[in-house]
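Chains, contacts and geometry: an overview
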Amino acid sequence: MSIISKVIVASSLVALGTGLVYVIYQRYVFTERESKLESQISHLSLKLAKLEEELQKIKENLTLSSSTEENEEIFIDALEVAATPLTVNEQGDIPGDEQGAVPTCIQSDETFCDAAKKVDENTYALLIKIDSLVEEGGYNNMKEAFNLLTDLIEKHPLESEFQWRLAKVCFLLTSEDMIKNSETISSTQTDLMKTAHDAAKRALELNDKSGDAHKWMAIVIGSITQYLPVQEQIKNAYVIKDHIQAAMKYKPNDFLPYHMMGRWCYSVYVKVYMLTWVERKVAATLFAAPPTATIEEAIEHLLKAEEINPGSSIDNVLYLGKAYLAKRDYIKAVMWWKSGLQMTSSKTDDIKALKEIEDLLTQYESYAQS
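Residues numbered from 1 in each chain as written. Predicted model: local features only at pLDDT ≥ 70, side-chain atom pairs only at ≥ 80, totals over all residues. Heavy atoms only, no water.

Under an unreviewed UniProt entry, the protein chain has the name Regulator of microtubule dynamics protein 1-like isoform X3 and belongs to Biomphalaria glabrata.

Shown next as structure tokens:
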């Protein structure tokens, strides 16, 4: 209370008596409190306005994270997943029996063997040709494989093995078209991706225990997801994880689902770890609860992929190094990156991965020696 205010109260006490002074004093206190309350409300309004501004910035930042560059951590490049290895002999031919008959299976995959028994030898030989075209790669080969598969599915619409192959070929054909027409996303590309999604979905409807169908559904959804709003990305992240886990379950000897899961865990760990507590709460409020993963889980899956297919994937050793770097284990990070430099490849994406490894070694190799 100011000196002037105290003087006013004292004068009132002398002139008017205690009863009236009490009323005046109460009115004064009320006025003071009302003034303070108005000041507090004004201050709070400014804080709320500032908070709303900060929330908007966070929302915009989360929305911007939907760029292709941000999401490529989870969704590996098409050329990396294109090949389905075929068993070939030293002459480069697919082996048959002594009479030159078509082999019983392309892969040591029981589900594929069961499917192979349902088709005639000509159809089965056609499947081998399709897989060979995909293995060789290139736009013309993918286009031919697409046409052959389309004809096959018209004759055998209920075969899951044909459907997931169509999803795979459509995805890879889209990637080839994007290389040729990198400036814009054409209607051809969007139509192919829709066909890929529909084919993967159909493959799972026909056989929900097909590891390949789950794997290609995860890849297709992942590629579509990176162009969606953040809310849809978060929802689809859980769906992608489910399909990768199913692929791991039904194709335990395929290194790719383990690599994909390692990449998924690494990306989720890095992105969520970098968010503050407030940003995580805001993201959960505005969109949905972001998925979670540990860096140990990422390493576990990437190591499993390496165990299944040792020394064959430059991307796998690149991300193993990155995962160990996230743990500040510089010795193991550098060890894996150096092993990557021993690999050779003419693929564009492998060359990019090798360049990234070289850059990371330049930056962190000294840390491993200290």
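Next comes the rest of the account.
On a plain count of helices and strands, the protein chain comes out with 17 helices and zero strands. Buried residues in the protein chain amount to 42% of all 370 residues. Sequence separation of 24 or more characterises 64% of the internal contacts of the protein chain that already satisfy a separation of 6 or more. (Helix = DSSP H or I, 4+ residues; strand = E, 2+ residues; numbered from the N terminus. Buried < 20%, exposed > 50% of the residue type's maximum accessible area, 1.4 Å probe, protein only. Contact = heavy atoms within 4.5 Å.)

Turning our attention to helix α7 (residues 139-155). When the terminal C-alpha atoms of α7 are compared, their 25 Å separation across 17 residues agrees well with the 24 Å that a helix rising 1.5 Å per residue should span. Those residues of α7 that fall on the buried side of the exposure criterion are Asn141, Met142, Ala145, Phe146, Leu148, Leu149, Leu152 and Ile153. Where the residues of α7 are buried, they touch α6 (121-136), α8 (160-180) and α9 (187-206). (Expected span 1.5 Å × (residues − 1).)

What follows deals with the packing of aromatic side chains. Applying the stated criterion across every chain yields a total of six aromatic pairs. A ring pair is formed by Tyr330 and Tyr367, whose centres lie 4.9 Å apart and whose planes are at 45 degrees; its orientation type is tilted. Separated by 37 residues along the polypeptide, Tyr330 in helix α16 (residues 330-341) and Tyr367 in helix α17 (residues 348-369) bring together distant segments of the chain. Among the aromatic residues, those joined into a cluster by ring pairs are Tyr330, Trp337, Tyr364 and Tyr367. (Phe/Tyr/Trp six-rings, centres within 6.5 Å; stacked < 30°, edge-to-face > 60°.)

Attention shifts here to the pattern of salt bridges. Applying the stated rule across the entire model yields 16 salt bridges. Here Lys251 ties to Asp254 by a salt bridge, and the two come within 3.8 Å at their closest N and O atoms. Among the residues examined, Lys251 registers a relative accessible area of 14% and is labelled buried. The salt bridge involving Asp315 is made with Arg263; its shortest N-O contact spans 3.6 Å. Note that Asp315 is positioned in helix α15 (residues 314-326) and Arg263 in helix α12 (residues 255-274), a separation of 52 residues in sequence. For Arg263, a relative accessible area of 4% puts it in the buried group. A cluster of three or more residues bridged by salt bridges with shared partners is formed by Asp212, Lys215, Lys251 and Asp254. (Salt bridge = Lys/Arg side-chain N within 4 Å of Asp/Glu carboxyl O.)

Turning our attention to a nonpolar patch on the surface. A cluster of nonpolar residues, Met178, Ile185 and Tyr227, forms a patch on the protein surface that exposes about 310 Å² of accessible area. Tracing the backbone through its elements, the reader meets Tyr227 in the loop between α10 (211-225) and α11 (230-250). (Patch = residues over 30% accessible without salt bridge, like charges linked within 9 Å, V, L, I, M, F, W, Y side chains within 5 Å. Areas by Shrake-Rupley, 256 points an atom, 1.4 Å probe, with all protein chains shown as cover.)

Trp264 and Trp337 are the most contacted members of the largest nonpolar core, which totals 76 residues. Per element, the largest residue contribution to this core is eleven residues, and it comes from α12. Discounting residues that sit within four places of it in the chain, Trp337 has contacts with Val317, Leu318, Gly321, Lys322, Leu325, Ile357, Leu360, Leu361 and Tyr364. (Core = buried A, V, L, I, M, F, W, Y, C linked by side-chain atoms within 4.5 Å.)

When you line up the elements, Lys201 lands in helix α9. Lys201 sits in the partly exposed class, given a relative accessible area of 45%. With 16 residues separating them in the primary sequence, Lys201 and Met217 have C-alpha atoms 7.0 Å apart.

A positive phi angle is found at Arg328, which is not glycine, with a value near 65 degrees. Along the chain, Arg328 turns up in the loop between α15 and α16.

Right, let's get into the environment of Tyr250. Note on placement: Tyr250 falls in helix α11. When near neighbours in sequence (up to four residues on either side) are disregarded, Tyr250 contacts Asp208, Lys209, Ser210, Gly211 and His214.

With that settled, the discussion passes to the environment of His243. Tracing the sequence through the fold places His243 in helix α11. For His243 and Asp212, which are 31 residues apart along the polypeptide, the C-alpha to C-alpha distance reads 9.9 Å. Those residues in contact with His243 that lie beyond four places of it in its chain are Leu204, His214, Met217, Ala218 and Ile221.

Another point: the packing of α6 against α7. Packing of α6 against α7 brings their axes to within 8 Å, and their N-to-C directions diverge by 155 degrees. Accordingly, the angle class assigned to the pair α6 and α7 is roughly antiparallel. As α6 packs across α7, the resulting crossing turns out to be left-handed. Counting all contacts with α6, which are made through Thr123, Leu126, Leu127, Lys129, Ile130, Leu133, Val134 and Glu136, the residues of α7 involved are Asn141, Met142, Glu144, Ala145, Leu148, Leu149 and Leu152. (Axes fitted to C-alpha atoms, helices over the stretch in contact; angles between N-to-C directions. Parallel < 35°, antiparallel > 145°, perpendicular 65-115°, else oblique. Left-handed = near helix turned anticlockwise from the far one by under 90°.)

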